[in-house]
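# Secondary and tertiary structure notes
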Amino acid sequence: VQLQASGGGLVQAGGSLRLSCAASGRSVTSYVMGWFRQAPGKEREFVAAISRSAIRYADSVRGRFTISRDNPKNTGYLQMNNLKPEDTGVYYCTAGAVITGARNLYDYWGQGTLVTVSS
């Protein structure tokens, strides 16, 4: 499975962005799709994940971010609203077998897309 993340950019605080994660190589319908982010000098952290029947969010983004997927398009999305400067970082899409916040349990990773939120 190859994952290609896109949609990052520069936005002012309070603004919105929509990230996309296009999968290729095989169908990801049976996989969990997730998003992690890494701010400069910090560890990569869990943001959100979606399976066939469940959704999970980090506390820091719950209520502001929405994760979704379009299985026929083999694509996942992360709608980010009311962005804050602390949301700045490289956002990575990922796919795995279980819905979890543990990054070592995900099998496939995209290259990342940079999100910068200015104050």
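Residues numbered from 1 in each chain as written. Predicted model: local features only at pLDDT ≥ 70, side-chain atom pairs only at ≥ 80, totals over all residues. Heavy atoms only, no water.

Before going further, it helps to spend a moment on the nonpolar core. Within the largest apolar cluster, 33 residues are counted, with the highest numbers of intra-cluster contacts made by Trp35, Val47, Phe65, Leu78, Met80 and Tyr91. Going through the elements one at a time, strand E1 (2-6), strand E3 (17-24), strand E4 (32-38), strand E5 (45-50), strand E7 (65-70), strand E8 (75-80), strand E9 (89-96) and strand E11 (113-118) are the ones with two or more residues in this core. Of the residues forming this core, the biggest block, five residues, is contributed by E5. Setting aside its immediate chain neighbours within four residues, Tyr91 contacts Ala5, Leu19, Trp35, Phe36, Arg37, Val47, Phe65, Leu78, Met80, Gly112, Thr113 and Val115. (Core = buried A, V, L, I, M, F, W, Y, C linked by side-chain atoms within 4.5 Å. Buried < 20%, exposed > 50% of the residue type's maximum accessible area, 1.4 Å probe, protein only. Helix = DSSP H or I, 4+ residues; strand = E, 2+ residues; numbered from the N terminus. Contact = heavy atoms within 4.5 Å.)

This part covers the state of the cysteines. A full pass over the atoms with the stated rule returns one disulfide. Between the sulfur of Cys21 and that of Cys93 lies a disulfide, 2.3 Å long from S to S. On the sign convention where negative means left-handed, the S-S torsion of about 65 degrees between Cys21 and Cys93 marks this disulfide as right-handed. Remark: Cys93 occurs in strand E9 and Cys21 occurs in strand E3; sequence separation between them is 72 residues. The pair Cys21 / Cys93 is uniform in exposure class, with both members buried. (Disulfide = S-S within 2.5 Å.)

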